[in-house]
Amino acid sequence: MHKVILLAVTFFIISCSSYDKDDYKVDQNIYLNNTLSDFELFELANNHISNNNLDTALIELDKIEVLFPSSKYANKSILLGAYIHFLKKDYEKTRAITENYKKYYPGSINVIYANYLEAMTYYVLIKKSDYSQKNAIKALEKFIFILNAYPNNKYEIDIITKIRVINNNLAQSKLKTAEYYIERDNTNGALVYLKDIYENHNSSTTIEKTLFLLAKIYFEIEEFEIAKSYASILAYNFPNSLWYRKTYNLINNLKEVEENETWFMRFNPVKIMNTKEEDMSEDTNIIILK
C-alpha cells in the first residue's frame, strides 16, 4: 500500500517537474530502489554532466526532487537541470526554468545564478546572424542588472568580461553601419552611429577607428576644431596607433596644429580605457552551479 502511495506521489511530482519527461522515459523503480543520499545524487549528476551524459544527469536530479523535496539539493537540482538544458542548447526551456525558479524562490541564495544563466541564454547567441543585435542588448541588460542588484557576487568577474565582449560586438555592428553610410555619402547617418560608439562603447576595440572616422568626417565638412578635438583624444590615448598616424596626416596641414608630439594637450583630451584587440568569438564559457 505504501508503495502504491509513493508511486502516486511520484507521478504527481513528475507532472509538475521542471523537466520535460517526453525527452526520456523513467522507470519508476529507480525511485523505489534508490540507496543514494541527496548529496550523492547531486554529485553523481555532476559526474554525468562532465561525461556529457546529460539525460542521465537529469534523471539523477529528478530523484532528488522526488525523494528529497525539502533538501537544499532539491533547490539546486532545479538550476542544475536548467544548466543541462543550456548545454543541450534548449535556451527556451532554460529560460522557462530560471523564470519559474525566480518566481518561487525569490529569497534563495542561488537566485543570482538563475539570473546569470538566463542572461547566458542570450549571450551565446550574439554571434548569430542578427542585424538588430537584440540578443546582445538583452544579455547586456540582464548582466548589468545582476551587477547592480547583487554587487560583489561570485560571478562578477565573469560578467564584467562578458559585458566587454558584448560592448565590442555592439560597437563592431554599429561601426559597420556607419561605414555603410559613409560609402553612400550619408554623413549624418554615419555620425549618428560613430557618436553612439564614442559615447556608449568607448572602451571597445573599435574606438580607434571610430575616432579616426569622426575626425575625418568633421575635417571634410570643414568643422576643423571638432576634427582636431577627436584627433587629440586619439593621440592622447593611442599615440602609437595606425589610426592616429592616419589622423595626424589628415590634419597636419592645418596651421593650428603644432609640429610636436604634445600638440593635442591644449585640447584637454579625455582619458578613455585603453583596449587591445582580442579574439572574442569563442568566449562563451559559463560557470556551473556548485
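To be clear, the structure that these remarks concern was listed above.
What counts and what doesn't
- Residues numbered from 1 in each chain as written.
- Predicted model: local features only at pLDDT ≥ 70, side-chain atom pairs only at ≥ 80, totals over all residues.
- Heavy atoms only, no water.
- Helix = DSSP H or I, 4+ residues; strand = E, 2+ residues; numbered from the N terminus.
- Buried < 20%, exposed > 50% of the residue type's maximum accessible area, 1.4 Å probe, protein only.
- Contact = heavy atoms within 4.5 Å.
- Core = buried A, V, L, I, M, F, W, Y, C linked by side-chain atoms within 4.5 Å.
- Phe/Tyr/Trp six-rings, centres within 6.5 Å; stacked < 30°, edge-to-face > 60°.
- Lys NZ or Arg CZ within 6 Å of the ring centre and 35° of its normal.
- Expected span 1.5 Å × (residues − 1).
- Salt bridge = Lys/Arg side-chain N within 4 Å of Asp/Glu carboxyl O.
- Axes fitted to C-alpha atoms, helices over the stretch in contact; angles between N-to-C directions.
- Parallel < 35°, antiparallel > 145°, perpendicular 65-115°, else oblique.
- Left-handed = near helix turned anticlockwise from the far one by under 90°.
- Nonpolar A, V, L, I, M, F, W, Y, C, P; charged D, E, K, R; others polar.
- Polar contact = N/O pair within 3.5 Å; in protein donor to acceptor, adjacent residues only side chain to side chain.

Novice: Give a detailed account of the overall build of the protein chain, specifying residues and quantitative values.
Specialist: Tallying secondary structure elements over the protein chain gives 13 helices and zero strands in all. Each helix and strand of the protein chain, ordered N terminal to C terminal, gives the series α-α-α-α-α-α-α-α-α-α-α-α-α. Across the 290 residues in the protein chain, those meeting the buried criterion constitute 50%. For the protein chain, the share of sequence-separated contacts (at least 6 apart) that also reach a separation of at least 24 residues comes to 63%.

Novice: I'd like a rundown of the nonpolar core, residues and numbers included.
Specialist: Grouped together as the largest cluster of nonpolar side chains are 49 residues, with contacts concentrated most on Y116, F143 and I166. Breaking this core down by element, the ones donating at least two residues are helix 3 (38-50), helix 4 (54-67), helix 5 (72-87), helix 6 (91-104), helix 7 (111-123), helix 8 (134-149) and helix 9 (156-183). With ten residues, the top contributor of residues to this core is helix 7. Judged by nonpolar contacts, the second largest core, of 26 residues, contains L175, A178, F212 and L213.

Novice: An account of the packing of aromatic side chains is requested, with residue identities and associated values reported.
Specialist: Per the counting criterion, the structure on display carries 17 aromatic pairs. Between Y181 and Y193, the ring centres sit 5.9 Å apart and the planes meet at 25°, which makes this aromatic pair stacked. Pair noted here: Y181 is in helix 9 and Y193 is in helix 10 (residues 187-200), with a separation of twelve residues, a long-range link. Given the relative accessible area of 24%, Y181 is considered partly exposed. Members of the aromatic cluster, connected to one another through ring pairs, are Y113, Y116, Y123, F143 and Y155. Positioned over the ring face of Y122 is R95, at 3.9 Å from the centre of the ring.

Novice: Any chance you could break down the environment of N110 for me, citing the residues and the numbers?
Specialist: In this fold, N110 is placed in the loop between helix 6 and helix 7. Residues N110 and K76, 34 residues apart in the sequence, show an inter-C-alpha distance of 7.5 Å. Among residues more than four places away in sequence, those in contact with N110 are N75, K76, L79, Y101 and L289.

Novice: Tell me about helix 6, and name the residues and values.
Specialist: The first and last C-alpha atoms of helix 6 sit 20 Å apart over 14 residues, in line with the 20 Å expected at 1.5 Å per residue. Of the residues making up helix 6, those classed as buried are Y91, K93, T94, R95, I97, T98, Y101 and K102. Looking at the buried positions of helix 6, the neighbouring elements they touch are helix 5 and helix 7.

Novice: With reference to specific residues and values, describe helix 12 (residues 224-237).
Specialist: Compared with an ideal rise of 1.5 Å per residue, which puts 14 residues at 20 Å, helix 12 spans 20 Å between its outermost C-alpha atoms and is within 8% of the ideal. Elements in contact with the buried residues of helix 12: helix 10, helix 11 (207-220) and helix 13 (242-251).

Novice: I'd like a rundown of the pattern of salt bridges, residues and numbers included.
Specialist: Across all of its chains, the model carries 13 salt bridges by this definition. The partner of E92 in a salt bridge is R95, with the nearest N and O atoms 3.0 Å apart. In this pair, E92 and R95 are both assigned in helix 6, three residues apart and thus about one turn of the helix distant. Residue E92 is classed as exposed on the basis of its relative accessible area of 55%. When its relative accessible area of 12% is taken as the criterion, R95 is described as buried.

Novice: Account for unusual backbone geometry, naming residues and giving values.
Specialist: Despite not being glycine, N152 shows a phi value in the positive range, around 60°. Here N152 is to be found in the loop between helix 8 and helix 9. A positive phi is found at D185, a non-glycine position, where the angle reads about 60°. Turning to its location among the elements, D185 is positioned in the loop between helix 9 and helix 10.

Novice: Describe the packing of helix 9 against helix 10, listing the residues and the values that go with them.
Specialist: Axis separation between helix 9 and helix 10 bottoms out at 7 Å; the angle between their running directions is 160°. Regarding the angle of helix 9 to helix 10, the classification is roughly antiparallel. Crossing of helix 9 over helix 10 shows left-handed handedness. Together, N167, A171, K174, L175, T177, A178, Y181 and I182 of helix 9 and G189, A190, Y193, L194, D196, I197 and N200 of helix 10 make up the contact between the two elements. Here the contact of helix 9 with helix 10 is built from residues that sort into nine nonpolar, four polar and two charged.

Novice: So what's going on with the side chain of N34? Which residues, and what values?
Specialist: Relative to the helices and strands, N34 resides in the loop between helix 2 (29-32) and helix 3. Looking at N34, its side chain comes within polar contact range of the main-chain oxygen of L36, at 2.9 Å. In this structure N34 touches L41, K63, L67 and F68, once residues within four positions along its chain are discounted.

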